[in-house]
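Understanding the architecture of this molecule
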Amino acid sequence: MSGFIIVKKASKSLGRLESAKEVFSKKSYSITSQTIDLKDHVLVLYEDSISSYAKSHQGQDGNFSCYCGFLSFNKCTGKDALIAIERELSKGRLLGDLELHGNYFLLVFHEGQLLITRDLFGGYTCFSETDGNWFTSNFVAAMQLIEKVEFSSQELIERVFFGFEFGFQTIVKGIILTPPTKILNLSQESQIAKRIEIPEIEHNLDKCISQNAAVIASEFELYQKFAGNKIIAALSGGFDSRLMLAGMLQSGTVPELYVYGVDSSKDVKVAKNISSKENLTLSHINKSLEDSMELEEILQTIKQNYWDLDGANNLFLNKSELQSRMDRAIGGRLVLNGSGGEIFRDIWKWDFKKTTWFELFSNSYNTGELELFGVNVPEFFNNIVYKVQQQAADFFPIKETLSRREAEMLFLIYRSNYYAQNNNLNNYFGDATFPFLSAKVALTSFTVPYNFKRAGLFEAKLIKTLHPRIAKYPSEYGFDFFKGPDKKSVLKEWAYSQLSPSFKSQIKKMLSSSNKSAFNTSRKENTYLDDQVINGLLGDHPRMSYTLFQNPDKILNQNMKSRLFSMELMHYMNPPIYKRTLPDSPQLAVKTVA
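Position numbers for residues start from 1 in each chain and track the written sequence from start to end. Whole-chain, interface and lining totals are the exception, using all residues; otherwise, since this is a predicted model, local features are given only for residues with pLDDT of at least 70 and side-chain atom pairs are given and counted only at 80 or more. Hydrogens and water are ignored here; the side-chain numbers use all heavy atoms of the structure.

Attention shifts here to the packing of aromatic side chains. When the centres of two rings from Phe, Tyr and Trp lie within 6.5 Å, Trp using its six-membered ring, the rings pair. Their planes under 30 degrees apart give stacked, over 60 give edge-to-face, and anything left gives tilted. Going through the model one piece at a time under the given rule, you end up with 47 aromatic pairs. Taken together, a centroid distance of 5.9 Å and an interplanar angle of 65 degrees make the contact between phenylalanine 161 and phenylalanine 549 edge-to-face. Of the two residues, phenylalanine 161 is situated in helix H4 (residues 153-162) and phenylalanine 549 in the loop between helix H19 (545-548) and helix H20 (558-573); the sequence distance between them amounts to 388 residues. Considered together, phenylalanine 161 and phenylalanine 549 belong to a single accessibility category, that of buried residues. Consider the rings of tyrosine 306 and tryptophan 307, whose centres lie 4.9 Å apart with planes at 80 degrees: the pair is edge-to-face. The pair tyrosine 306 / tryptophan 307 is uniform in exposure class, with both members buried. Charge-over-ring placement is defined geometrically: NZ (Lys) or CZ (Arg) within 6 Å of the ring centre, and within 35 degrees of the ring normal. Above the face of the tyrosine 450 ring, arginine 404 is positioned so that its terminal group lies 3.8 Å from the ring centre. Lysine 464 extends its terminal NZ or CZ atom over the ring of phenylalanine 482, reaching a point 4.2 Å from the ring centre. Helical segments are the DSSP runs of H or I of at least four residues, strand segments are the runs of E of at least two, and each set is numbered from the N terminus. For each residue, the accessible area found with a 1.4 Å probe, counting protein chains only, is set against the maximum for its type, and the residue is called buried under 20%, exposed over 50%, and partly exposed in between.

Bringing helix H11 (residues 377-392) into the picture now. Between its terminal C-alpha atoms H11 stretches 22 Å, which fits the 22 Å expected from 16 residues at 1.5 Å a residue. If you check which residues of H11 are buried, you get Val377, Phe380, Phe381, Ile384, Val385, Lys387, Val388, Gln389, Gln391 and Ala392. Working rule for contacts: check all heavy atoms of both residues, and any pair within 4.5 Å makes them a contact. Packed against the buried residues of H11 are H4, helix H10 (357-365) and helix H12 (404-426). Nitrogen and oxygen atoms within 3.5 Å of one another constitute a polar contact, given that in protein one can donate a hydrogen and the other can accept it, and given that sequence-neighbouring residues count only through two side-chain atoms. For H11, the capping residue at the N-terminal end is asparagine 376, with a side-chain oxygen 3.2 Å from the backbone nitrogen of glutamate 379. The length a helix should cover is 1.5 Å for every residue beyond the first.

As a packed pair, helix H5 (residues 205-227) and helix H6 (residues 239-250) sit with axes 8 Å apart at the nearest point and diverge in direction by 65 degrees. Seen from above, H5 lies across H6 with right-handed handedness. Taken together, the residues of H6 that come into contact with H5 (itself represented by Ile216, Ala217, Phe220 and Glu221) are Leu243, Met244, Gly247, Met248 and Gln250. Angular values range over 0 to 180 degrees, each being the angle between N-to-C directions of two axes fitted as lines to C-alpha atoms, with helices fitted over their stretch in contact. Note on convention: near helix rotated counterclockwise from far helix by under a right angle means a left-handed crossing. Clockwise means right-handed.

In this section: the sheet that holds strand E20 (residues 431-433). Each strand in a sheet pairs with its neighbour through backbone hydrogen bonds, running either in the same direction (parallel) or in the opposite one (antiparallel). Two strands form a pair only when DSSP identifies at least two bridges running between them. Spatial ordering of the open sheet is given by E16-E15-E14-E17-E20, a layout of five strands whose pairing is parallel. Either end of the sheet is taken by a strand with one partner, and the two such strands are strand E16 (282-285) and E20. The average undirected angle you get between the axes of adjacent strands in this sheet is 20 degrees. Of the pairings in the sheet, the one linking strand E14 (residues 231-234) to strand E15 (residues 256-260) comprises three bridges and is parallel in character. Looking across to E15, one finds that isoleucine 232 is bridged to glutamate 256. Those strands touched by H6 are E14, E15 and strand E17 (334-336), and its axis lies near 155 degrees from that of E14.

Let us look at the nonpolar core. By nonpolar core we mean a set of buried residues, namely Ala, Val, Leu, Ile, Met, Phe, Trp, Tyr and Cys, connected to one another through side-chain atoms within 4.5 Å. By size, the foremost hydrophobic cluster in this structure holds 151 residues, and its most contacted members are Phe161, Phe361, Leu410 and Tyr414. No other element matches the ten residues that H5 contributes to this core. Once residues lying within four places of it in the same chain are set aside, the contact partners of phenylalanine 161 are Leu370, Phe373, Ala518, Phe549, Ile555, Met560 and Arg563. Counting residues in each nonpolar core, the second largest holds 20 residues, with Phe64, Phe105, Leu114 and Cys126 among its members.

The topology assignment puts threonine 355 in strand E18 (residues 354-356). Within polar-contact distance, the side chain of threonine 355 engages the side chain of glutamate 359 at 3.0 Å.

Right, let's get into the layout of surface pockets. Cavities and pockets are found on a 1 Å grid laid over the protein atoms alone: a cavity is a set of points where a 1.4 Å probe fits but cannot escape, a pocket is an open set with protein on both sides within 12 Å along at least five of seven lines, and a lining residue has an atom within 4 Å of such a point. Grid points are joined across faces, edges and corners, and a volume is the space filled by probe spheres set on the points. Roughly 530 Å³ of internal volume is contained in the second largest pocket. Of the residues forming the lining of the second largest pocket, the biggest block, four residues, is contributed by helix H13 (residues 439-445). Note on residue categories: nonpolar means Ala, Val, Leu, Ile, Met, Phe, Trp, Tyr, Cys or Pro, charged means Asp, Glu, Lys or Arg, and polar means any other residue, Gly included. Split into classes, the residues belonging to the lining of the second largest pocket amount to eleven nonpolar, four polar and seven charged.

Attention shifts here to the pattern of salt bridges. The working definition used for a salt bridge is a side-chain nitrogen of Lys or Arg within 4 Å of a carboxyl oxygen of Asp or Glu. Within this structure, the stated rule accounts for 28 salt bridges. Here aspartate 240 makes a salt bridge to arginine 345, at a shortest N to O gap of 2.7 Å. Here aspartate 240 is found in helix H6, whereas its partner arginine 345 is found in the loop between E17 and E18, with 105 residues between them in sequence. The pair formed by aspartate 240 and arginine 345 is uniform in burial state, with each residue classed as buried. Between arginine 469 and glutamate 278 there is a salt bridge, and its shortest N-O distance comes to 2.8 Å. Within this pair, whereas arginine 469 is found in helix H15 (residues 468-471), its partner glutamate 278 is found in helix H7 (residues 266-278), the two being separated by 191 residues in sequence. Given a relative accessible area of 46%, arginine 469 falls into the partly exposed group.

Geometric values such as these leave the question of function open.
And the structure:
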């Protein structure tokens, strides 16, 4: 399955279901749907365009289950995994006690109770409204299901400047992410917290490497069992894609690989070197070599991106963005993405044993520029703190300060919001997942003390442990992962970690060359962001950003600018404070399950 809509029958949202379904029908690629009656709810399921195996199961006595994304249980996936889950539930086991792998949205209708959940770290997205009358995998569909569309200043600024929203609230007020640590019982309008077992820190380096490497190896062996050599993944010059490659080769998989970039980029050079010497198939995708298009075709491409990419962060892209996603899934290949591998490195780059929540997020996200856009920085970051605390509450007790270990755990808890929508898009065409966000891998990473991670030392040792030969190839950092980072790299990261958050903000403010700077101009200019294109799309439509923060026209960073105008296009397509009129409830052609 590639997407879904769930609507409560006894709600006004049922009258908006047809509008939400129309969102899926406007995609340029073919997806099929079926509508299923689940007692008090209606489920619309969408099939991905390539996978040839079932992700739904009609059980006995009206039981039904399905999932979107990639899910494995008892070393099975697809229908076999769902049958195994039903068997365990029939024995009286609780859904929250089952060890599920992958990134997924799971629906189980068992003995008249409708349960939904997603993977523990939220690698597959599910949107809802605060009243829980509907749920969907598609944000554009969510905007059709909600009674009114009103954009939120806090979340929109987060999206533009950081690329994602913290916590459960999205850029539209009232549309939220369902908490991945909960199992929602829609029949009883209740929720159950999953049992989360946090492992102890392992202070012995060799033991820590051994146990993390073993769990990673087991995860990739699962993929090999499911997909064999029909696996594709990115390969760059960095840590995470190399760790994935080590895991795949160690499991016996001979994957296909791809790399983005121009011929001269370090990523491309490293990837070509490794693939040629290991006799691995590599696709080099250079998005800068786009075909020239007339203005009208550019406008049509961007408008179609709105439907095809579910209103994603960046809609100002050429057709290769969608095509490359489709190409990766051809032949039913499993697409692996290395996002989340940062958990094996020193992600905060700041030495502390205990800190406040405010200082932690200010250290990483305050570039010193937000004031220039009229943002009340203390209030802004306090809002982020409050939202992330809600996400973290099921993992550890919330206090005024954070221990270093809690900060290490916190990264994946909130950061998956950045990764997940990309995974939803990939699953329209086949199976896709994040190995390092799978629950067992992520939880085991909590055993690693932060001092092991400095300058990538721990992740380099993981690569070396899993596949020594692959570790010996040069990286983009000027060293290989067999020998690990040199003393200069370690010293440089240590020195930076000694600086205070406020001093780092001042440095970032002075250095517009930073990728996080709104004034960074190092990236090649996106011709899709030309004034002629923007005016052709939006005309004289009021610009939302001017009402929510100051000086949006001063943003030069191409990524931020693209996200800004993607939000403006979303605003254009969904006028704010718009009360939707309700048509008569449609007559649904449904398959009755119970």
